[in-house]
Amino acid sequence: MTLQALIFDVDGTLADTERDGHRPAFNAAFREFGLDWDWDVALYGKLLAITGGKERMKHYVETYRPDFMKPDDFDDLVVELHKAKTRHYTTMLAEGNVPMRPGVKRLLEEARAAGIRLAIATTTTPDNVTALLEHSLGKGSTDWFEVIAAGDIVPAKKPAPDIYIWALAQMKLAPEACLAFEDSENGIRASRGAGLTTLVTVNDYTFDHDFTGASVVLSDLGEPDAPATALSGAWQGQGYVTLESLRVLHNP
Ligand code: XBP
Ligand code: MG
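Residues numbered from 1 in each chain as written. Chains lettered and ligands numbered in written order. Predicted model: local features only at pLDDT ≥ 70, side-chain atom pairs only at ≥ 80, totals over all residues. Heavy atoms only, no water.

Draft legend 1. Main features of the coordination of the magnesium ion (ligand 2). Protein coordination at the magnesium ion (ligand 2): the donors are Asp9 (OD), Asp11 (O) and Asp183 (OD), at 2.1 to 2.2 Å from the metal. Sequence positions of the donors to the magnesium ion (ligand 2) reduce to the motif D-x1-D-x171-D. One end of the pair, Asp11, is in the loop between strand S1 (5-8) and helix H1 (18-32); the other, Asp183, is in the loop between strand S4 (178-182) and helix H8 (185-193), and 172 residues separate them in sequence. Neither residue differs from the other here; Asp11 and Asp183 are each classed as buried. (Donors = N, O, S within 2.8 Å, 3.2 Å for Na, K, Ca; no water. Helix = DSSP H or I, 4+ residues; strand = E, 2+ residues; numbered from the N terminus. Buried < 20%, exposed > 50% of the residue type's maximum accessible area, 1.4 Å probe, protein only.)

Draft legend 2. Representation of the site of ligand 1 in the model. Among the 18 residues in the neighbourhood of ligand 1, the closest are listed as Gly53, Arg56, His82, Lys85 and Thr125. Interatomic distance of 3.1 Å between a backbone N/O atom of Asp11 and an oxygen atom of ligand 1. Asn128 places a side-chain nitrogen or oxygen 3.0 Å from an oxygen atom of ligand 1. Protein chains shield 97% of the accessible area of ligand 1, which is 450 Å² for the free molecule. Ranked by residues supplied to the shell around ligand 1, first place goes to H1 with 3 residues. When residues of the shell around ligand 1 are assigned to domains, at least three map to each of domain 1 (5-16 + 100-250) and domain 2 (18-94). (Near = heavy atom within 4 Å. Polar contact = N/O pair within 3.5 Å; in protein donor to acceptor, adjacent residues only side chain to side chain. Areas by Shrake-Rupley, 256 points an atom, 1.4 Å probe, with all protein chains shown as cover. Domains from an automatic or database assignment.)

Draft legend 3. Expanded view of the domain arrangement of the chain. The domain architecture assigned to the chain consists of domain 1 (5-16 + 100-250) and domain 2 (18-94). With 16 residues of domain 1 at the contact, the number on the domain 2 side is 20 residues. Counting each side, the surface lost to burial between domain 1 and domain 2 is near 1400 Å², with a carbon and sulfur contribution of 51%. At the surface where domain 1 touches domain 2, the tally comes to 2 salt bridges. A salt bridge links Lys54 to Asp152; the shortest N-O distance between them is 2.9 Å. (Contact = heavy atoms within 4.5 Å. Buried area = accessible area lost by both parts, 1.4 Å probe. Salt bridge = Lys/Arg side-chain N within 4 Å of Asp/Glu carboxyl O.)

Draft legend 4. Structural context of the pattern of salt bridges. By the definition in use, this model includes 15 salt bridges. One salt bridge connects Arg87 with Glu32, and the closest N-O pair in it is separated by 2.8 Å. A residue pair is termed long-range when its members are at least 10 positions apart, and Arg87 in helix H4 (residues 74-94) and Glu32 in helix H1 qualify at 55 residues. Residue classification places Arg87 among the partly exposed residues on the basis of a relative accessible area of 43%. Classification of Glu32 as partly exposed rests on a relative accessible area of 41%. We note a salt bridge from Lys139 to Glu134, for which the minimum N-O separation is 3.7 Å. Residue classification places Glu134 among the buried residues on the basis of a relative accessible area of 18%. Among the charged side chains, a network of salt bridges with common partners joins Lys54, Glu55, Asp152 and Lys157.

Draft legend 5. Examining the pairing of S4 more closely. Burial of S4 is extensive: 5 of the 5 residues sit out of reach of the surface. Both S1 and S4 contribute to a ladder of 4 bridges, which runs parallel. Along S4, the bridge assignment pairs Ile7 with Ala180. The pairing of S4 with strand S5 (residues 197-201) spans 4 bridges and is parallel. Bridge assignment links Leu179 to a residue of S5, and that residue is Thr197. (Pairing = 2+ DSSP bridges.)

Here is the structure:
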């Protein structure tokens, strides 16, 4: 089937948001609420196994802080903590310190010019997506995406395929007409679960994940002057991902 749409994960795929973005934002929220919780780089890598910020905080308390005396309104506390975390995170994004990963902007512009439809499927909060796109990709860039499927819009977060299935339904497209971009094991389980051909670009937190089912695993999307490295899969492309190379990947 002809390639009609590209569907992108956000965290780790469009930008390296986790280590120096989400992580310090969680820690700032914990401090704001007088909690002695502190997530260092290594611990956060383990916590990333749980997608979704609220779910991640609950998992942390259950697994790492059995000493924590949960208040009766613990679920409300988590919601408030998460709101504070989102505020800290979007403020950081507004400072413009989280750039798009190599090749992302170039590929999006090429796809747009060719009339390929674009969408986002992520577990992150909608406000985070908007802030990242507007501040790191450019004003008005949220409009580049026909569908932004994000956060709690489906109850079951990745690795469940639901967020991709929801995005496909919104676009009235079959999975065979689309290609997904992911960076993590939870992400590819979700995209493959929805039947999508998937291109993976790894980062420091995910390079050793199991990417079974990926069509290709690359270091990044590459730029003409900074070629990407193929880590596994049948990559026929040049040093950087172009729309033509995606068409070949999608329909080998
Ligand atoms: C991203 C996530 C998110 C972010 C935090 O996973 O797991 O939870 O870390 O976002 P993926 P929120 O890239 O697979 O979508 O705090 O807004 O939930
Ligand atoms: Mg991701």
